[in-house]
Amino acid sequence: MASNGHFQKRLKDLEFADDLALLSHRLQDMQNKVTALEETAQRVGLKISEEKTKLLRLTAKQEAQITISGTAVEDVKEFTYLGSKISQSGGTDEDIIARIKKVRQAFAILRAIWKASSISTNTKPKIFNTNVFKAANKYTSLNQIASA
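Residues numbered from 1 in each chain as written. Predicted model: local features only at pLDDT ≥ 70, side-chain atom pairs only at ≥ 80, totals over all residues. Heavy atoms only, no water.

Can you break down the environment of valine 34 residue by residue, with the values?
Position of valine 34 among the secondary structure elements: in helix H1 (residues 27–43). Residue valine 34 is classed as buried on the basis of its relative accessible area of 9%. Sequence spacing of valine 34 and leucine 22 is 12 residues, and the spatial spacing of their C-alpha atoms is 8.0 Å. Apart from residues lying up to four places away in sequence, valine 34 is in contact with Leu22, Ile48, Ile66, Thr67 and Ile68. (Helix = DSSP H or I, 4+ residues; strand = E, 2+ residues; numbered from the N terminus. Buried < 20%, exposed > 50% of the residue type's maximum accessible area, 1.4 Å probe, protein only. Contact = heavy atoms within 4.5 Å.)

Put into structure tokens, the structure is as follows:
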């Protein structure tokens, strides 16, 4: 309980389908979470992928390794979670650049449709909304769920 009498709420992890992001302020707490997750996964017949598991440190003072089954987890400076770039610098710029890139790719793939005279001008905005616009907003609702 906080000193002002109000309960503090801290986000401890982010979960969505088969993606999980563990959050911790202390290195030992993170190792404890990873170990508990690994033990729970083993009990139900699952295994944590050492290759896909990454560690992003923000203002970390300790450089000790986090391990899964004795294997050190790779330290990274950024990663993508639910379509958003997360980085040591906060990730906003990287996330915006990545989303613009996705929209450009979606738009370029449909270049022939934009030029086609056989497709009506009423149909083209519908194609845009279901492809290009969708690429731009693909993870917006998922990010809102994760940040709720």
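That covers the picture; the talk isn't over yet.
So what's going on with the side chain of glutamine 31? Which residues, and what values?
Mapping glutamine 31 onto the fold places it in helix H1. Beyond its immediate stretch of four places on either side in the chain, glutamine 31 contacts Gln65, Ile66 and Thr67.

An account of the pattern of salt bridges is requested, with residue identities and associated values reported.
Oppositely charged side chains are able to pair whenever their charged atoms sit close together. Per the counting criterion, the structure on display carries four salt bridges. As a salt-bridge pair, lysine 47 and glutamate 50 come within 3.0 Å of each other at their nearest N and O atoms. Note on lysine 47: relative accessible area 63%, which makes it exposed. (Salt bridge = Lys/Arg side-chain N within 4 Å of Asp/Glu carboxyl O.)

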